[in-house]
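For reference, the chains in residue letters:
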Amino acid sequence: MRATRTITALTAAACLAVGGMALANDELLQLQEDPGQWVMPNGSYAALNYSELDQINTENVDQLQVAWTFQTGVLDSHEGAPLVVGDTMYLVTPKPSVLYAIDLNEPGVVKWALAVDMPELEQALAVACCGGQTRGVSYADGMLYFNSLDGQLFGVDAETGEIVWQKQIADLSIGETTTLAPLIVHDHLITGIAGGEYSVRGWVAAYDLKTGDEVWKMYNTGPNEEMGITDSFAPFYEDDKVEEPGVSTWWRDSWEIGGGSVWGWFSYDPELDWFYYSTGNCSPGNPDYRRDPATAPGYFEYPNKYCASLLARDATTGELMWAYTLTPQDPWDLDEPGPNILVDLEIDGETVPALIKAARNGFFYVFDRQTGELLEEPWMHSPVTWATGFDMETGRPIMDPEREVYTDVITEGLCPLIAATNWENQAYNPDTGLVYFSERNRCGDWRAFAGEYVPGESYRLRETVESYLGPDGNGDWGNRLVGIDPVTGEQAWGIEAMGSDNKPVFTTAGNLVFQGGQLGEFRAIDATTGEVLWQFMAGADFSNSPMTYLGPDGKQYVAVISSSGPGRLGVEVDAEPDEEDRYRRAGSTLYVFTLPDDVAGVTPDQTATPAGAEGAEDDGGAGGEAEDGGGAAGGAAGGEAGDDAGAAGDDAGGAGDDAGGGAAGDDGGSDGY
Amino acid sequence: MMPAVGPPVMTEVATDTDGHEASAPVSGVLPRRLAAKAAAAFFVLALLAPASSSAQGEAGQTWELVVCADPHAMPLSDRSAEGYENVIAGILAEELGATLSFDWYPQMQDMIDLRLRGGYCDVVMGVPDGAEPLLTTISYYTSPYVFVYRADAGIEVTSLDDPVLSELRIGLQNAGMPPHDSLLARGLADSIVAEYGSTRYAPRDDPQARLVEAVLAGEVDVGVSWGPSAGYYAAQHPGELVVVPIEPAIDPMPPFTNLQLPMTIGVRQGDEALRDSLSLAIVRRWDDIQAVLEEYAVPLVDAGPAPAPPEQTVERLVVGYVGPNRTGSRTVAGSLFEVVGDAARAGALLAEDVMVSNGASSLDVVFANAPSAGAAKRAAMRLVHLDGARVLIGGLGDGQAAALADVAAETGVANLNIGDDDPALRCTATFHVAPSADLYAAAIAARAGDAGVTRWHVVRLDDDRWSRVAETFGAIVAQTGAEVVGESVVAEADPVYADELNAAREEGADAVLVLLGAPDQIAFLAQAAALGPEMTIVPYPAVATQSRDYIAAASRLNPSGVPERVVMWETTLAEGPAADLNERFTSRFGRPMDPHAWAAYAAVTLVGQAAAETGGLEQGALEEFLLGGPHELAKGRPLAFDSDSRQLEQPLYVVRPVPGAPWGRNLSQQVGVAELVGAVDVPEVPGCQ
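Quick caveat, the model's predicted, so the values are computed rather than measured. (Residues numbered from 1 in each chain as written. Chains lettered and ligands numbered in written order. Predicted model: local features only at pLDDT ≥ 70, side-chain atom pairs only at ≥ 80, totals over all residues.)

On to the overall build of chain B, then. Within chain B, the regular secondary structure consists of 21 helices and 27 strands. Per-residue burial for chain B yields a buried fraction of 57% across its 689 residues. In chain B, once contacts between residues fewer than 6 apart in sequence are set aside, the share between residues at least 24 apart is 73%. (Helix = DSSP H or I, 4+ residues; strand = E, 2+ residues; numbered from the N terminus. Buried ≥ 20, exposed ≤ 12 C-beta atoms within 10 Å, placed from the backbone. Contact = placed C-beta atoms within 7 Å.)

Bringing the confidence of the model for chain B into the picture now. Residue and element names in this part refer to chain B. Of all residues in chain B, 88% attain a pLDDT of 70 or more, and the chain-wide mean is 86. Taken together, the stretch residues 1-61 has pLDDT below 50 and engages in 138 contacts with residues farther than four places along the chain or on a different chain. The model gives residues 198-203 a pLDDT under 50, and that stretch makes 16 contacts with residues more than four places away or in other chains. Here the predicted complex scores 0.82 on pTM and 0.77 on ipTM. (pLDDT = per-residue confidence, 0-100.)

Once that is clear, we can look at the pairing of strand β38 (residues 588-594) of chain A. Residue and element names in this part refer to chain A. Extensive coverage of β38 is indicated by the burial of seven of its seven residues. Side chains S588, L590, V592 and T594 of β38 all project onto a buried face; the interleaved residues T589, Y591 and F593 project onto the opposite face, where all are buried too. Judged from the six bridges that link them, strand β2 (residues 65-71) and β38 form a sheet pairing that is antiparallel. Bridging across to β38, F70 finds its partner in L590. One ladder, built from seven bridges, connects strand β37 (residues 556-563) with β38; its direction is antiparallel. Each residue of the ladder has a partner; that of S562, found in β38, is T589. (Pairing = 2+ DSSP bridges.)

Before going further, it helps to spend a moment on the sheet that holds strand β32 (residues 505-508) of chain A. The strands making up a sheet associate through backbone hydrogen bonding, with each pair oriented either parallel or antiparallel. Residue and element names in this part refer to chain A. In spatial order, the strands read β1-β32-β33-β34-β35; together these five strands make up an open sheet with mixed pairing. Each edge of the sheet is formed by a strand with only one pairing partner; in this case those strands are β1 (50-51) and β35 (532-537). In the sheet, β32 pairs with strand β33 (residues 512-516) via four bridges, with the strands oriented antiparallel. Within β33, the position partnered with T508 by the bridge is L512.

All names here are of chain B. For the pair helix α19 (residues 595-614) and helix α20 (residues 619-628), the least separation of the axes is 9 Å and the interaxial angle reads 115°. By crossing handedness, the relation of α19 to α20 is classed as right-handed. Between α19 and α20, the contacting residues are L606, A610, E613 and T614 on the first element and A621, L622, F625 and L626 on the second. Each residue belonging to the contact of α19 with α20 can be placed in one class, and the counts come to six nonpolar, one polar and one charged. (Axes fitted to C-alpha atoms, helices over the stretch in contact; angles between N-to-C directions. Left-handed = near helix turned anticlockwise from the far one by under 90°. Nonpolar A, V, L, I, M, F, W, Y, C, P; charged D, E, K, R; others polar.)

The next subject is the sheet that holds strand β25 (residues 410-414) of chain A. Residue and element names in this part refer to chain A. Spatially, the three strands line up as an open sheet ordered β25-β28-β29, and their pairing is antiparallel. Unpaired on one side and paired on the other, β25 and β29 (462-469) mark the two borders of the sheet. Looking at each pair of strands side by side, their axes are set apart by 15° on average, direction ignored. Note that β25 and strand β28 (residues 442-448) share three bridges and pair antiparallel. Bridge pairing links T411 to W446 in β28.

Residue and element names in this part refer to chain B. Every second residue of strand β17 (residues 414-417) is oriented toward a common face, with A414 and L416 on one face and N415 and N417 on the other, all of them buried. Looking at chain direction, strand β16 (residues 391-394) and β17 are connected through four bridges and run parallel. Its bridge partner being in β17, L392 is matched across the sheet by N415. Handedness of the crossover joining β16 and β17 through helix α12 (residues 400-411): right-handed. One ladder, built from two bridges, connects β17 with strand β18 (residues 431-432); its direction is parallel. Looking at β18, one finds that L416 is bridged to F431. (Right-handed = clockwise from strand over helix to strand, strands pointing away.)

Of all the positions in helix α15 (residues 498-506) of chain B, only B:A498, B:D499, B:E500, B:L501, B:A503 and B:A504 are classed as buried. Positive phi shows up at B:G508, right after α15(B), with a value of about 75°.

A few words now on helix α3 (residues 84-95) of chain B. Counting along an α-helix, one turn takes 3.6 residues, and residues three or four places apart therefore face a common direction. All names here are of chain B. With twelve residues, α3 extends 17 Å between its outermost C-alpha atoms, agreeing within 8% with the 16 Å of an ideal straight helix rising 1.5 Å per residue. With twelve of twelve residues buried, α3 lies mostly within the body of the structure. When α3 is considered as a whole, its buried residues turn out to be Y84, E85, N86, V87, I88, A89, G90, I91, L92, A93, E94 and E95. (Expected span 1.5 Å × (residues − 1).)

Regions with low pLDDT should not have their predicted coordinates read in detail. All names here are of chain A. A residue-level look at chain A finds 84% of positions with pLDDT of 70 or above and a mean pLDDT of 84. Segment residues 1-22 is flagged for pLDDT under 50; beyond a separation of four residues in sequence, or across chains, it makes 30 contacts in the model. Here residues 606-673 is modelled with pLDDT under 50, and outside its nearest four sequence neighbours on either side it reaches 197 contacts, counting other chains as well.

With that out of the way, let us pick up the packing of α3(B) against helix α9 (residues 286-295) of chain B. All names here are of chain B. With their axes 10 Å apart at the nearest point, α3 and α9 run at an angle of 165° to one another. The orientation of α3 with respect to α9, classified from their angle, is roughly antiparallel. Note on packing geometry: the crossing formed by α3 with α9 is right-handed. Between α3 and α9, the contacting residues are Y84, V87, I88 and I91 on the first element and D288, I289, V292 and L293 on the second. For the contact of α3 with α9, a count of residues per class yields seven nonpolar, no polar and one charged. (Parallel < 35°, antiparallel > 145°, perpendicular 65-115°, else oblique.)

This next bit is on unusual backbone geometry. Residue A:C415 is joined to A:P416 through a cis peptide bond whose omega torsion reads -10°. Structurally, A:P416 can be placed in the loop between β25 and β26 (427-429). Following B:G629, the chain continues to B:P630 via a peptide bond in cis, the omega torsion being -5°. Here B:P630 shows up in the loop between α20 and β24 (640-641). For A:S199, which is not a glycine, the phi torsion comes out positive at approximately 55°. Relative to the helices and strands, A:S199 resides in the loop between β12 (188-192) and β13 (203-208). Note on A:S199: 29 C-beta atoms within 10 Å, which makes it buried.

Residues and elements named next belong to chain B. Mapped onto the elements of the fold, L425 is located in the loop between β17 and β18. Taking the number of C-beta atoms within 10 Å as the measure of exposure, L425 has 24 and is therefore buried. Sequence spacing of L425 and S436 is eleven residues, and the spatial spacing of their C-alpha atoms is 9.1 Å. Not counting residues within four places of it along the chain, the set of residues in contact with L425 comprises A401, A402, A405, N417, D420 and T430.

What follows is the structure, given as structure tokens:
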């Protein structure tokens, strides 16, 4: 890949030059085709989390070096990957949600920083399940869009960092929070809410890009008109061709607080103009509140549509096109926030428009994304005990009666426990034809109990009684990174580890898979063989997806943020006896890697902006006086950022006192070593 | 204006943003509702019932008791310190001559894992007898689980086996509480209609009032609750509610739950002295504690007569040991020094036992578990004032040696440092069993000199302490004919060390000294290995790096191998007294004798020998003994303290990780991850300027 930034930048500029005429969608459709940029979460509407860049490849990846770093000063798990649009990188931190624009011409220098005001942060943290998360920022037409945890949605001028509009879209008082990165289609963005622990009623909504005005809002449960079910609704299976599925598949009015939140990834098919997402757990966790006790479990009488389900909606109108329930009645807290990857597969000699999903419930699904038909019998990608297989006539899983859940009865031997995969990015590489994801081997015993619903209070009504590795507790791996052929189900390779954290996965045309490992190392893996070709020891955890882009100098860069959660450097109960996490480092650092110029095949003459490269080298020349270099970079950024950056400095987490320590660029330029 | 970038946030900040509410000292403040009554009582009792004699020592000398307490858990605990556990903590602190502070945090697992284990507090009130992973005192009350129902409900339920329960709507205070199991065992699942558990997510001011409110409102017919909360809130509606203990007290049906819980105070494992002091204080103030419980209408199970204080024990020669030890199985932030701390504690125990079994002294080593410098200071003050310690031994973990030295100076006792190498601590009253940075530097310089290293680059953390260590190293290598040609100063958790390694290369350095803490060394070694082998990388023996656990972790995280290290002691020394000591230690504890085990062993042994020789632990005589010597401490030759610096001069050792050695729980596996290369004896240490 030798695409240069100059050309793509012109394309983008031409697109913008048409003025307001071009839809943001059109611009994004073009931008996502440019491998030099990384303009949306997972890299493309198809959610492949794949880049066509191959300057860094299996031949030279062992020479990868750190180009520059940037410390965000936030001690929480970063779960959103940066974007690169034009010559700017954008990233948003976990609470207190600071949005940064970083100049790629002078690596690490902050163009502007925006610390948004989060007056309800404390309440948001109180109701958020898993830390101060955000899963990233989205871009369209010179604007950035993101949700802060406390239910605010922001439209920000990408050039200046000024807030153009903002609005409160989630209701914290009933436990709604916002953690995902919006999807941008046409002239609106689509987002949703988390809050399955609070029995929210899940929804997705579209907001106008220019004004933030709500365009439509569709619930995942309830009456047809509130779910966007019209004559267009054409599910494949009989189970979904029922009157008011969002009501009739629920006991009494339990759909009103039935869960089905939306906190993971979206994907979008421009030809169909449909978008896809899958929903959070059914709520409360105790299914006795969602089914007729007389016929319990009644999985298919009360499947509770559409929580723990896959939905396809019209991206313009929000109408539901088809839907499929992944885990009927979901008695096991099997949210499905993970990506739904859109890829055309060759099955039995025919090319079919597929949607593939390594689901949290342990099954791997291949759908026809036009119809919702299962193209293959779903197979277990990790241990599953709640179902034994599938009835392909009805599309129903064959449920295992041993795993039924009743109030105050302990269900033993449940696999997966909570999650096989989870929200972590998966990746599909068209060159290898393999899908890559990280999965757990966690099983356990489970109990549901009774409770009273109070808005805004935790309403899970289930607990893990015991947790162990593998169905019999004798599992010899906790986590496995796999490369799997989605058509045959054949595992090309796997890397097993004892820790059971899933980690986001990313792949490139360099025949590489990038992923943070369990020991604090960031690694590049041969996408075909699974061989680890290179690794860099950061000494901290990785909870966000790597990404890649072409710098202004024509070189390919790979970026990832290492971060560890607050307070605890957790060690798994079954970690090795030396508990190596004891020596894990704290902090959040964006690492940007690249090849030496000669290996990359780039000389300074070829670079689009030599000034930037020189600047970077100057920073590197500071050598041992890294703190000074960083401080200078930070100061320059502050000057440009004006009042907003000043506010950021005050708010960004008590870290601002040490002027030099956290600033960017303290580790040299593009050829720093 | 600076942009919103900052340094990597350190752990303390993180825990503070993770729900912790800042500690507010409330020393001497009693809840208003009890103030009048209690004030009078305390005044009288303080005169009548003096605690230990040492606690009543010179005016103004006292120690600080920090209690982890829930800010929203009436009637047990509340930010206004009006919960009965807050009040009882006040009584005990007063009895023990301590000032009292609270560290506010919700009473859940994180209170133990983050606050107690982090050293922010020392005590958790109101934990069931034997609660893991704590050490618990004697019980100061036993309360039952209770039924609570309206007085006008027309029912009379005391037994789990009352058939009427199947016809009633039962509300639980919390799902999963012990009586929940008993109800399930009786097939009453369908009768349980609600649980009113307070959640960590949306605490109201009085979350535990909800069940009683629901009973009053008729939402449920009968509530099942932990006694203290039901008793307290029911008492606010006199005559309206019935609160009765659930029978039988021990459920004869599986899972045989105990429906009456004896409640105790929890301290960190290893804090035996504090536990014992609190138990004694409970005994001495039994009646006052019971009065508080009565005031709060806590349903009590008659626990028999009040416990009697023990007979006065014989006079002991008390040595206070302060160090970080493990509490619980999970690794959490702040646990970095627990492995070396546990080794040191074991070394001290071994030395004490050897002396007692030899009949050599009446030495009594009293232990305290201090995860932080602040906790170490509190523990040292407590050991001196409350337990009568005449010598303090410790100094593992950041700032602990300095904290102990401060307390020793303030209270006029001797102290021995077993972990800290900071040159700034030398040439004071403290005796140093732990090698100084000078000693380590000299050993490293000698070892590297043999290998032909003449040009050093030093990478060090950006603070005064590491600056002093680096300066010392520079002076030492200059004496050996080598030189430090460059120095890089880095922040803690610096993401990348490429610039530093490049600088070293450009300077033509043949070796890089890594003056970083344990976590950073792992990242540094891996990043250096990735850049190629041309320079020798010499990791400095920072405290937490001197264990087999660390060597195993560093080796595993650096598959290309890690370099040899200088250490203070080696568990595979196989000749003479060293072999005997290693054999004794490993066979008793089943783990390697990590270097700090030797340091603690040596310190306690020295004090014990002094006590035997001088007949006491008078500071002057002790110092004279220590400065006399020479001392036999199993290091192959007699050792002596330098009279100026009070540094114990001693040989050091070099160990080399064994590539590919499997790590496991067995002693042989743990010993086997490294092997002895040899000893480095540097007899001369610079004195004091």
